[in-house]
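The lines below spell out each chain.
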Amino acid sequence: MNPRGRVRMKWQGGDTTRGGASSPGSPRRRLSASLAVLVVAAVTAMVAALFAVQPASAQSAAGSPQSVGFSTQRGPDPTIQSIEASRGPFATAQLSVAPGNGFNGGVIYYPTDTSQGTWAAFAIVPGYTALCRNEEAWMGPWLSSFGFVLICIETNSTTDYDVARGQELLAALNWLTTASPVKNEVDPNRLGVIGHSMGGGGVVYATEHQPSLKAAVAMAPFSPSQNMSTDTVPTLVIGGQNDTVVTPSYLSGLYATMPGSTQSAFAQIAGASHTYYTQPNNVEMKLIIPWLKVFLDSDTRYEQFLCPSLPDPSTISEYQPKCPYVPPGGGSPSPTATASSSASASASASSSPTPPAGTAIVGTGSGRCIDVPNSSQTGGTQVQLYDCNGAANQQWTYTSAGELRVYGSDCLDANAQGTSPGTKAIIWPCNGQTNQHWNINSNGTITGVQSGLCLDATGAGTANGTLVELWTCNGGSNQQWTRR
């Protein structure tokens, strides 16, 4: 099947002269031979020229696409208006898929532009008893117009549980990249999965059984067969504030099992029910599009819509990012990068990245900074409020693991792994434990991943020397912070 309507040219051997056979030594035979040599030489030169200017991913259609000197960014510079729009910059088409190959068929949506190299791809699976064509098909033209190939799959049985749905997601990706009509347009090294409800549980299964995936989105995931404790794939989890099926408390417990070192985010959509995701809306799309762009396309132009806060927080009742987000390899190389510079960038990406510059954390109620008293570097020192002065003991770096680092190697720490109100906020050498992982939320709070408690200026104090601790979140200005 040739979905793009391309004309495939096939060279065939044989004598195309008319008027009968010629003897090997005849002038006509010698002329034909000379012309053949010239034609072959011309064709060879043209093919060589084409391969010299084609992007590496186009040259290697038979194998894994190459990335040296070729950007995976797609489309113009994004704006808030562009990610709110229901269509992106690319025209799209779709193909029906028959049942078989480990899943029950579905529909492929893809960009029709063939000048961009290969596209990242992902598979979508619906929830329990649902059909993708009824509930998630609206996402197909929307997301593919932003530069992705996607397949909206039907399950072998509408009552398949999370494990089966995860296996069907992976089977669909395998077929999409190896046997589908658009296989040559897909980069098999940039794949992801999306699912809703029991399909979201399938996403959890897929990420933990194919860690080479580059991105995942779980919408109201119900995952009875496994938690997220071995997930290493960058995963966006979306829940609904008014979901009575996959409740906020269930989802909070599931997301709490996500390793602190995994690049992930949790967003709760204000007022959303369990079926919210089955109808077209740009609230979830303003989360999903940047997530896929950053991690499937390594397009760091879109991180601004995820970090440090959301561009329109009014539609999100809770947001727990782990900023900054760093795609594999650290982002897209320049489209004009040379092979040597790309190789150098690849080599540097494999070493420890340079940590981002620190920022002050300023109390909304006090206007003062979180400060390590007397610039102490002694583990166990409780932090305090103090006049902002830009010194190193007030510079905090929020890492992709969710740490708040000071001095480069010490972390903000819930003392003795405490989870009760009144636990001291101290500095301690970074060790990767969950009492050193924090969520910076869109409402201005900073909450402990382990405890769920808010970073709090003790007694609503505003004076220099006010100690900082963990306390039950109550909306007070002494629990609200800005980074600057």
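Attention here is on the structure that accompanies the text. (Residues numbered from 1 in each chain as written. Predicted model: local features only at pLDDT ≥ 70, side-chain atom pairs only at ≥ 80, totals over all residues. Heavy atoms only, no water.)

1. A closer look at the overall build of the protein
Assigned secondary structure in the protein consists of ten helices and 21 strands. For the protein, the proportion of its 484 residues judged to be buried stands at 49%. Within the protein, counting contacts between residues at least 6 apart in sequence, those at least 24 apart form 65% of the total. Approximately 20,900 Å² of the protein is accessible, and the part contributed by carbon and sulfur atoms is 54%. (Helix = DSSP H or I, 4+ residues; strand = E, 2+ residues; numbered from the N terminus. Buried < 20%, exposed > 50% of the residue type's maximum accessible area, 1.4 Å probe, protein only. Contact = heavy atoms within 4.5 Å. Areas by Shrake-Rupley, 256 points an atom, 1.4 Å probe, with all protein chains shown as cover.)

2. Looking at the pattern of salt bridges
In the structure shown here, the tally under the stated rule is ten salt bridges. Salt-bridge contacts for R301 lead to D299; the nearest nitrogen and oxygen are separated by 2.7 Å. Across this residue pair, the class does not change: R301 and D299 are buried. A network of salt bridges, in which partner residues are shared, links D187, R190, K293 and D297. (Salt bridge = Lys/Arg side-chain N within 4 Å of Asp/Glu carboxyl O.)

3. What to know about the packing of helix α6 (residues 162-178) against helix α7 (residues 198-209)
Closest axis-to-axis distance for the α6/α7 pair is 7 Å, and the angle between their directions is 60°. You can see that α6 and α7 cross each other, and the crossing is right-handed. Each of D162, V163, R165, G166, Q167, L169 and L170 in α6 lies in contact with α7, whose residues at this interface are M198, G199, G201, G202, V203, Y205, A206 and H209. Among the residues making up the contact of α6 with α7, the classes are represented as seven nonpolar, six polar and two charged. (Axes fitted to C-alpha atoms, helices over the stretch in contact; angles between N-to-C directions. Left-handed = near helix turned anticlockwise from the far one by under 90°. Nonpolar A, V, L, I, M, F, W, Y, C, P; charged D, E, K, R; others polar.)

4. Here's the deal with the packing of aromatic side chains
Enumeration over the complete set of coordinates arrives at twelve aromatic pairs. Here the aromatic rings of F103 and W175 are separated by 6.0 Å at their centres, their planes lie at 65°, and the arrangement is edge-to-face. Here the residue F103 occupies a position in the loop between β1 (92-97) and β2 (106-111), and W175 occupies one in helix α6, the gap between them amounting to 72 residues. Pairwise contacts between aromatic rings join W291, F295 and Y325 into one cluster. Positioned above the aromatic ring of W119 is the side chain of R74, whose terminal nitrogen or guanidinium carbon lies 5.6 Å from the ring centre. Directly above the aromatic system of F148 lies the positively charged group of K293, at a separation of 5.1 Å from the ring centroid. (Phe/Tyr/Trp six-rings, centres within 6.5 Å; stacked < 30°, edge-to-face > 60°. Lys NZ or Arg CZ within 6 Å of the ring centre and 35° of its normal.)

5. Considerations on unusual backbone geometry
Of note, the bond from C307 into P308 is cis; its omega dihedral lies within 30 degrees of zero at -5°. The residue P308 is located in the loop between α9 (282-296) and β9 (316-320) in this model. In this structure, the amide linkage connecting C323 to the following residue, P324, adopts the cis form with an omega of -5°. Assignment of secondary structure puts P324 in the loop between β9 and α10 (339-349). The phi dihedral of N374 is positive, around 55°, even though this residue is not glycine. Relative to the elements of secondary structure, N374 occurs in the loop between β11 (369-371) and β12 (384-386).

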